[in-house]
Amino acid sequence: MCGIAGVAGAGADAVLVRRMCEVLAHRGPDDEGVHDGPAAALGMRRLAIVDVAGGQQPVYSEDRSVVAVCNGELYNFAELRADLIRRGHAFTSAGDTECLVHLYEEYGDDLVHRLRGMFAFAIWDARRGRLLLGRDRVGKKPMYWRDTGGGVAFASEAKALLQDRAFTPRLDVVALHHYLTYQYVPAPWSIFEQVRKLPPGHLLTWQAGRVSVRPYWRLDCTETPVPDEPAAAERLRDLLLDAVAARLVGERPVGAFLSGGLDSSAVVAAMARLSTRPVRTFSIGFDDDRFDERRYARQVADRYSTDHHEMVVRPADLGPLPQLLADLAWHFDEPFADPSAIPSFFVARLARAHVTVVLNGDGGDECFGGYHRYLLMRSLARLPALRPRRLFEGLGAFGDRAAPRSTLRRVGRTLRLLSQPPIGRYAGMMSIFSQEQLRTLYTDELRERLSGVDSVALLEDAYRRSAAPDAVGRVIDADVNTYLPGDLLAKVDVTTMANSVEARSPLLDQHLMEWAAALPTRLKVRPGTTKYLFRRAMADWLPAEVIDRPKMGFGVPLAAWLRGDLRELTWSVLTDATARSRGLFRQDAVRAMLRRHDGGVDESRRLWSLLQFELWHRQFVDAGGMARLQTLP
């Protein structure tokens, strides 16, 4: 595991930083990577990719008045380093993190505008008694922080903050409400009271007891006319090749996750054009054909003669299920209910046997308009909300009994959405529990505590803030600022780092994203077609079947698992005395949900959300976050 941790302020405690770093590293204590100072203590545990031999952290300026740690990679560090040397700065390593202290000396907080990469960094300025925290533009790397009263504690993992014995972990019920709505806890909230996440594209400063958080970047979705589509397709290919080339730098072996979808296939195609050796590719499959994409991945692997590796995920092959789920809860720090975390974890484990760095296709859907919901928003944008609302919601509920991804399921979903006003349809597409379902689930006491809290307002705010000129463009922009960092990037970072693999996302390169954001919506979503321009650009690179196939997503047969291999565990964990003692959820509502699922109504996503929350609570609140849960009742 790679991570940073630190405390800044009066009486900063280097011993606490050492304990925090031990948690990040999942290993015993030593003194490596810990800086002891009277006003700041910074620490680092590192998965070395660049300058493996000499890239230890923290790093210092020439006079040691500026110290920095960084989790992630700066892909343009060679250019930055050369420029800084020309300006008179002296380097003691060949790594990327040392650029930060010298950039800070030259540009102050504006250094962040010169960085190309994924990062969460901390810089301590001893002369000014000032701490600067920064997180990359789209949130590939996490940053948790807490105001300690006399200073700020921060870390890449929330569990590191729990090593402060002065801090008692408690549930933030507002964050719980947001989590149950969206299956992740959105920044700036964390699931812990008094702990916050630094949002993507933001900086935090602490000085003289004052904390300030401010944005430094937001994607601009103002459209630019594109008169020449072939030229735009060529530009897209050039940007992709440049983004991939930047992410092939390092001293460790590099491979790629290959799902068989358009995005990861395009990345592999670009890698093959830039590599002198066969690309190593890794795929996960399922026994259920509705979720298995391996045949598409094999087509791409065959076309580019990759060194291809596959694994089939079956509940029976995952080891003791209670332990697996407890391990995932431990790694995520917060309840996280995207079930694709399971295959993500195992494809990372598969890759780790062969490589240390993997490239992936994350961000293609947000950049180029790939989700089915974008088609729905385009189709429904001009339709008013249908009344009476409850009638259409009730008709939509019949789809819950249909098979996942079936036509009946989609019809039911569409009827539900039509009962909402246009701006509420997006929130409806993204919600696991509706706000009304949560009010039914909560006990009277919890409902009272959450009076006035509206999770839907988070998405509506992101939607309204967008500069995109139409509903589809605003939804895409809102996804970039919510779902992408809160769900997708958190999932990939945690599951890869848990297996000591670094994941890099070429399609989230800032230059490619900024160019794609300005594309007219007509080049992204058209009637019956998503990713219009991207598909056109990849036509000569990929098999036609991969180009033309509908999006499948990295799903799992969760509904079947919860009626089969995971049924007993789910019933036990959600209804035992420990769960009942919380006083958060009405037990009759939980049991009714379990029975409905057993009877054929698909409640899998909601049950999975409750299960992941309960597993998190047992480890991080009941056990105080100080010891890993080894068994479940």
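This text follows the structure it describes.
This is a predicted model, so every value here is computed, not measured.

Draft legend 1. Spatial organisation of the nonpolar core. Residues Leu 115, Phe 121, Leu 176, Met 538, Leu 542 and Phe 585 are the most contacted members of the largest nonpolar core, which totals 182 residues. Ignoring sequence-local partners within four residues, the contact set of Leu 176 consists of Leu 171, Ile 191, Leu 446, Leu 584, Phe 585 and Phe 613. Counting residues in each nonpolar core, the second largest holds 18 residues, with Ile 4, Val 67, Ala 122 and Met 143 among its members.

Draft legend 2. Broad picture of the packing of aromatic side chains. Enumeration according to the criterion identifies 15 aromatic pairs in this entry. Judged by centre distance (6.4 Å) and plane angle (20 degrees), the rings of Tyr 442 and Phe 585 are stacked. Taken as a pair, Tyr 442 in the loop between α16 (435-441) and α17 (444-449) and Phe 585 in the loop between α26 (577-580) and α27 (587-598) lie far apart in primary sequence, 143 residues in all. For Tyr 442, a relative accessible area of 2% corresponds to the buried category. Through successive ring pairs, a cluster of aromatic residues spans Phe 192, Trp 330, Tyr 442, Phe 585, Phe 613, Trp 616 and Phe 620.

Draft legend 3. Molecular detail of the environment of Ser 93. Relative to the helices and strands, Ser 93 resides in the loop between α2 (77-86) and α3 (98-107). Taking the relative accessible area as the measure of exposure, Ser 93 reaches 14% and is therefore buried. C-alpha separation for the pair Ser 93 and Gln 56, spaced 37 residues apart in sequence, amounts to 8.6 Å. A distance of 2.7 Å separates a polar atom in the side chain of Ser 93 from a polar atom in the side chain of Glu 98.

Draft legend 4. Inspection of unusual backbone geometry at higher detail. The omega torsion across Ala 187 and Pro 188 is 10 degrees, close enough to zero to call that bond cis. Within the secondary structure layout, Pro 188 lies in the loop between α5 (173-182) and β10 (196-197). With phi around 75 degrees, Gln 194 is a residue other than glycine that occupies positive phi space. Structurally, Gln 194 can be placed in the loop between α5 and β10.

Draft legend 5. Inspection of the layout of surface pockets at higher detail. Counted as a void, the second largest pocket has a volume near 940 Å³. As for the second largest pocket, its lining consists of 49 residues, of which Ala 187, Pro 199, Pro 200, Asn 481 and Pro 485 are closest to the centre. Elements supplying a minimum of two residues to the lining of the second largest pocket: α9 (321-332), α18 (456-465), α19 (471-481) and α20 (483-497). At 7 residues, α20 tops the list of elements feeding residues into the lining of the second largest pocket. Residues of the lining of the second largest pocket, tallied by class, amount to 30 nonpolar, 8 polar and 11 charged.

Here is what the cut-offs are and how they apply
Residues numbered from 1 in each chain as written. Predicted model: local features only at pLDDT ≥ 70, side-chain atom pairs only at ≥ 80, totals over all residues. Heavy atoms only, no water. Core = buried A, V, L, I, M, F, W, Y, C linked by side-chain atoms within 4.5 Å. Buried < 20%, exposed > 50% of the residue type's maximum accessible area, 1.4 Å probe, protein only. Contact = heavy atoms within 4.5 Å. Phe/Tyr/Trp six-rings, centres within 6.5 Å; stacked < 30°, edge-to-face > 60°. Helix = DSSP H or I, 4+ residues; strand = E, 2+ residues; numbered from the N terminus. Polar contact = N/O pair within 3.5 Å; in protein donor to acceptor, adjacent residues only side chain to side chain. 1 Å grid on protein atoms, 1.4 Å probe; cavity = no way out; pocket = protein on both sides within 12 Å on 5 of 7 lines; lining within 4 Å. Points joined across faces, edges and corners; volume = space filled by probe spheres on them. Nonpolar A, V, L, I, M, F, W, Y, C, P; charged D, E, K, R; others polar.

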